[in-house]
Structure formats: structure tokens, C-alpha cells
Amino acid sequence: MGEGSSHGTGMSGMGPGLPAGVCLRGFFVSLRIEPSFAETARGRSPAGYTPAEERAMRLAIRLARRGIGTTHPNPRVGAVVLRGRETIASGYHQRAGEAHAEARALQLAGSRARGATLVVTLEPCAHHGRTPPCVDAILGAGIARVAIGMRDPNPRVDGRGIERLRREGVDVEVGLLEEECRSLNPAYLKQLRCGLPWVTLKAMLSLDGRMASESGESRGLGGDAEQRLCHRIRAEHDAVLVGVGTVLVDDPLLTVRLARGRTPLRVVLDSALRTPHRSRLLESVGEGPVVIATVSRDAARGRSLEERGAAVWRFDPAPDGRVPLRPLLERLVADGRYALLVEGGAATHTSFLREGLVDRIAIGIAPLILGGTNSPTLAGDLGRVRLAEGIALESLRARRVGRDVWLEGRVSGDGARHV
């Protein structure tokens, strides 16, 4: 696993009889529910691998998930040392700068690794980063066979680890449970593919699709259990983003308080530099960095925000005069932020959805009907007037979270035009 850019929420399935879509006051989401890869593959061993190796890979995948929110900017990786059908040792990459999954597993295995099989979710690295090459550790341990989930597309790796292992006489097979291994690192893989972060749009709604009451109240819409889940999801991302309207109305902190994990970079879309100096975001810069993304050339106002501890990122305006989203996303990736959580409000959701920049949607639905003529909804005009033009979600999953229902699905079709 490579350093810096190489290695770096489960829900029960929906039941039968679900509608073909959900209409949230003008935002039509088509729901296509599909079995997971694990469900379709269960009980079948891929050709070229033993059942023990498949079981070991499933363990490695579970271990790799423990690195969610801590390995940034490295991908999540798990490894298992196997001798015959016996698991000798296992490990996963816990955080960037520390030992990689392969090194951890091999260290625990010790001399028992000689002549054994190493099962690892991602191709081992062959270059020096903040840690030595994993290939060196594998060769030094005397591993005879390596079963790899997927090749690492990072240009610093991309087949070099596989090639060197084979050149040294190690038996190497690639592709064991590849789709499941790929699903461990969507943000890492996407930024390598197109230079943009993996974007999750998150919202809490009433049963009739409102994000707030007619008077503008939104705090407390989601129950306590859902609030804890939202903080856990926030901790799993590298950056969280809101529009300045949300800052002016709700004065959010956007920190991680109800879950374990670090506070991500907090980003505000603020074209005219309206973020108040006394906002809770700026009062809490010691708890996590804040970026104000703007098109304003007001040097004095920008300087005053910087004096409050925020970084001010300036962009040339988009055709609508606002902060251009794609250049902002590219800068986030350049800053090492590969996973972005968009928390609102409605205008921000609309912009991301209209431009096809959303990869995944996560929505909490409270058992409340708010009504109202002017109460905000998930999104405004998306330029889609027919049902067939609705943004479709695939691999939809749902579960109860306390009193609420939580839905997550991946955007499919031209709803994610960059893919």
C-alpha cells in the first residue's frame, strides 16, 4: 500500500412492495433496489482461489473498514496471513503515517509467515513513502503466495508491486472479491480517476420533504440517534460543506461532537463574504480548520476573516456569479480532501445536483408532517420536468435509526455526469 495516495454504514435491505420513487415536493428520486455484491456472490468461490482464501479476504475487508475516517489520505486496506485453512495473523491500516496493513499482519505472524499466503485487499506498494515498501516486508517474511483484491491505480503503484513480487518468485493472483475491495475506497479511486472528491449529499427531512418549518426551525428535526449517526458520518469525511445561508440562519458548528473521530475541514460557500465574525464556525477554528470559498475581491473583508482564523479561497465567478463548484472540488482534492459531505442548505443541494456532482445521497426522514408554503425542501429547480428525468438512486438501503428512517443510495445515470 502506498503512502499519501495509495493505501490510506451498513444497513438492512428494503423489503418488497416499495414504490418506484419518492417525490419530495418537486424533487423526484427514482429508487432502484439491487442486491449487494456480497449477496449475489455469497456461497461461490472465485476461480483460482481456495475457499479459505475467500474467507480470509472477507475478514480483510471487514478489518479494512475499521480505518474509515482515520487513514486519510491513504485508502483503507486489510490483510490476513493464511497457512492452509488457518488464519495466522491479520491487520489493517489504522492511520496515515503508521504501519500498513501488510506490515502489521506480517509482524504479528513472525516466523510463521514463511511459506504462507498473504491475502490483502489492495495491491502492496513497492515505493518508499512515510513507511517502507510493503513488497520488501512481504519478501523479507518469506511469503510464498499473495492473493490481492484489486490492483492499485495510483501511478506510484499501478502494477509495480505485483510485478516485483512475481519477479522474485512469489505466486500472485489478483481479483479476489474485487468489487467488494473496490467499494472500500470510492473516494480514493474517484480522485485518481477524475480529480474530484467523492461527494455525499446529506439532509434531514420531514415526512413531507421539508428541511425546516415555516418559521425556519430545523434543529431537532432528526432524533437523538440520527444526530449521532450524522456526526459519525461527518467524522468519516475529509471535508464538510454548507452554503452561507445555512451559516446565517442556523449558525452551525459542523464539528464532530456526538461520535468518535476528528472534525473535518469545514467549508462555506460564501460568494459575498457574509460569514459573521461571531459565527460559531469562526469561534471554533481551534477545533477544526475553516475555509471560506468566495468570488469576492473585497480584500479588507477577506483579511478580517483570515484574522479570525479562516482560510479564504478565491475563485473566478461561475456564470451565475457564485462560487464555481468544480474548481472548488478540484482544489479540495489538491488539498488532500477526497471525501466531501454536503450538508446544505437547499440552494447548495440544488447546485450540486444540477451540475451532476453528487455521488451518494444520505437522507434521514423524521415522522413529522410540517407543511407550509415557504418551508425549504431538499432541492429546488433541477431542470428536470418529467418523471423519466428524475435523478435515480441505485443500491438503495434503508433502516430505522431511533424514531427516524435513514436512506442511502448511490446516484446513477446522468445524475452523476462526471462518472
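See above for the structure.
An account of the accompanying structure is given in this report. Residue positions are given per chain, counted from 1 along the sequence in the order it is written. Totals for whole chains, interfaces and linings use every residue, but because this is a predicted model, local features are given only for residues with pLDDT of at least 70 and side-chain atom pairs only at 80 or more, for both listing and counting. For side-chain calculations, the full set of non-hydrogen atoms in the structure is used, while hydrogens and water are omitted.

**A word on the overall build of the protein chain**
So the rule is basically this: Comment: elements are numbered from the N terminus, with helices defined as DSSP H or I runs of at least four residues and strands as E runs of at least two. For each residue, the accessible area found with a 1.4 Å probe, counting protein chains only, is set against the maximum for its type, and the residue is called buried under 20%, exposed over 50%, and partly exposed in between. Every accessible area reported is derived by Shrake-Rupley at a probe size of 1.4 Å, with residue values counting cover from the shown protein chains alone.
On a plain count of helices and strands, the protein chain comes out with 13 helices and 16 strands. Each of the 419 residues in the protein chain was classed as buried or not, and the buried ones make up 54%. Working note: accessible area of the protein chain is about 18,100 Å², and carbon and sulfur atoms make up 49% of it.

**Notes on the side chain of Asp270**
Definition in use: Only four residue types enter the tally: Lys and Arg on the positive side, Asp and Glu on the negative side; His and the chain ends are excluded. A side-chain nitrogen of Lys or Arg and a carboxyl oxygen of Asp or Glu constitute a salt bridge if their distance falls within 4 Å. By definition, residues are in contact when any of their heavy atoms lie within 4.5 Å.
Residue position: Asp270 is located in the loop between β10 (265–269) and α10 (280–283). One buried charged side chain, Asp270, makes no salt bridge at all; its nearest oppositely charged neighbour is Arg274, positioned 4.7 Å away. The contacts of Asp270, once residues within four sequence positions are left out, are Val244, Thr275, Ile292, Ala293, Thr294 and Val323.

**So, the pairing of strand β4 (residues 86–92)**
The following threshold applies: Paired strands, as defined in this entry, are two strands with at least two bridges between them according to DSSP.
Bridge count for strand β3 (residues 78–83) against β4 is six bridges, and the pairing is antiparallel. Its bridge partner lying in β4, Ala79 is registered against Gly91. Here β3 hands over to β4 after two residues, with Gly84 in that stretch at a positive phi of 65°.

**Observations concerning the sheet that holds β3**
Where we set the bar: Fitted lines through C-alpha atoms serve as axes, helices being fitted only where they are in contact, and the angles separating the N-to-C directions of these axes extend from 0 to 180 degrees.
Strand order in the open sheet made by the five strands is β4-β3-β5-β6-β7, with mixed pairing throughout. The open sheet has two edge strands with one neighbour each: β4 and β7 (171–174). Sheet twist, expressed as the average angle between the axes of neighbouring strands with direction ignored, equals 15°. Where helix α2 (residues 51–64) meets the sheet, it contacts β3, β4, β5 (117–122) and β6 (145–150), and its direction lies at approximately 150° from that of β3.

**A short note on the pairing of strand β9 (residues 239–243)**
With five of five residues buried, β9 lies mostly within the body of the structure. Alternating positions in β9 separate into two faces, Ala239, Leu241 and Gly243 on one and Val240 and Val242 on the other, with burial throughout. Inspection of the sheet shows β9 paired to β10 by five bridges, in the parallel sense. Opposite Gly243, over in β10, you have Leu269 as the bridge partner. Looking at chain direction, β9 and strand β13 (residues 339–344) are connected through four bridges and run parallel. Across the sheet, the residue bridging to Ala239 is Leu340, located in β13.

**Comments concerning the nonpolar core**
Applicable threshold: Buried residues of nine kinds, namely Ala, Val, Leu, Ile, Met, Phe, Trp, Tyr and Cys, make up a nonpolar core once their side-chain atoms join them within 4.5 Å.
Ranked by internal contacts, the top residues of the largest apolar core, which has 42 residues, are Met57, Val81, Val119, Ile143 and Val146. A total of six residues in this core trace back to one element, the largest contributor, which is α2. With residues up to four places along the chain from it excluded, the contact list for Val119 reads Glu53, Ala56, Met57, Ala60, Gly78, Ala79, Val80, Leu82, Ala147 and Leu176.

**A word on helix α4 (residues 134–141)**
Rules: Regarding the arc, it is the one traced by the directions from the helix axis to the C-beta atoms.
The complete set of buried residues in α4 reads Cys134, Val135, Ile138 and Ala141. Here the buried residues of α4 occupy an arc of 135° about the axis, which is enough to place them on one side. Those residues of α4 that are buried are in contact with α3 (101–109), β5, β6 and α5 (160–167).

**Observations concerning helix α12 (residues 325–334)**
All buried positions along α12 are accounted for by Leu325, Leu328, Leu329, Leu332 and Val333. Buried residues of α12 fall within an arc of 140° about the axis and therefore sit on the same side. Just downstream of α12, Gly336 is the residue with a positive phi angle, here 85°.

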